[in-house]
Amino acid sequence: MRICASAAFQVVSGLPRRNGINHGREIAALSLDLLDIVKEFEIFHLPGEFLKIRIGLHTGPVLAGVVGRKMPRYCLFGNTIRLAEWIEQTGLPLMIHVSEACKLLLDMVEGFDLRSQTSPATKR
């Protein structure tokens, strides 16, 4: 059985205070932790079915601000956000997909072993 629940969440590090190259390390570590947890998360009303998430990582400049009066939300805008969304949307479930910019950033910190397992879709 396949159930589609289109809920997308964005996580950011380095806002509002910049934290150098640590933002890549923090988001990558969070992504690995989420993936470990979700692999064991059985859907209560569907025995034997597990939650499957897709994760897209990218790094770059963003515009951030609070939008709304009745129900204000902290929102992120810009090409960095659109590219991260595209990476996630075209990715495979239960995998972390990383842009080239994010890979270069993670190569500068210790503790991450990135390897290519699939060919990414081509943006048109």
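Note that this is a predicted model, so its numbers are computed, not measured. (Residues numbered from 1 in each chain as written. Predicted model: local features only at pLDDT ≥ 70, side-chain atom pairs only at ≥ 80, totals over all residues. Heavy atoms only, no water.)

1. Brief notes about the overall build of the protein chain
Here comes step 1: Counting secondary structure elements, the protein chain contains three helices and four strands.
Here comes step 2: Along the chain direction, N to C, the helices and strands of the protein chain fall in the order α-β-β-β-α-β-α.
Here comes step 3: Going through the 124 residues of the protein chain one by one, you find that 23% of them count as buried.
Here comes step 4: Counted over contacts in the protein chain with a minimum sequence separation of 6, partners at least 24 positions apart contribute 58%.
Here comes step 5: Here the protein chain has roughly 9,800 Å² of accessible surface; of this, 57% comes from carbon and sulfur atoms. (Helix = DSSP H or I, 4+ residues; strand = E, 2+ residues; numbered from the N terminus. Buried < 20%, exposed > 50% of the residue type's maximum accessible area, 1.4 Å probe, protein only. Contact = heavy atoms within 4.5 Å. Areas by Shrake-Rupley, 256 points an atom, 1.4 Å probe, with all protein chains shown as cover.)

2. Quick word on the nonpolar core
Here comes step 1: Counting residues in hydrophobic clusters, the biggest one holds nine residues: I27, A28, L35, V38, I55, L57, C102, L106 and V109.
Here comes step 2: Those elements that place two or more of their residues in this core are helix 1 (22-38), strand 1 (54-57) and helix 3 (100-107).
Here comes step 3: Tallying contributions element by element places helix 1 first for this core, with four residues.
Here comes step 4: Setting aside anything within four residues of it in sequence, one finds L35 in contact with I53, I55, L94, M95 and I96. (Core = buried A, V, L, I, M, F, W, Y, C linked by side-chain atoms within 4.5 Å.)

3. Quick notes on the pairing of strand 3 (residues 73-77)
Here comes step 1: Strand direction decides the pairing type here: strand 2 (residues 63-67) and strand 3, joined by five bridges, are antiparallel. Across the sheet, A64 pairs through a bridge with L76, a residue of strand 3.
Here comes step 2: What sits between the antiparallel neighbours strand 2 and strand 3 is a turn of five residues, in which G68 has the positive phi angle 105°. (Pairing = 2+ DSSP bridges.)

4. Describing unusual backbone geometry
Here comes step 1: A cis geometry characterises the amide bond from L15 onward to P16, with omega recorded as -5°.
Here comes step 2: Relative to the assigned elements, P16 resides in the segment before helix 1.
Here comes step 3: Backbone geometry at L94 places phi at a positive 60°, although glycine is not the residue there.
Here comes step 4: By the secondary structure assignment, L94 is in the loop between helix 2 (79-89) and strand 4 (95-98).
Here comes step 5: Residue classification places L94 among the partly exposed positions, given a relative accessible area of 29%.

5. Re the side chain of E88
Here comes step 1: Checked against the element boundaries, E88 lands in helix 2.
Here comes step 2: Exposure remark for E88: the relative accessible area of 18% places this residue in the buried category.
Here comes step 3: Look past the residues within four positions of E88 in its chain and what remains in contact with it is R54, I55 and G56.

6. Looking at helix 3
Here comes step 1: Every buried residue of helix 3 is accounted for by C102, L105 and L106. Buried residues of helix 3, viewed axially, fall in a sector of 95°; they line one side. (Arc of directions from axis to C-beta.)

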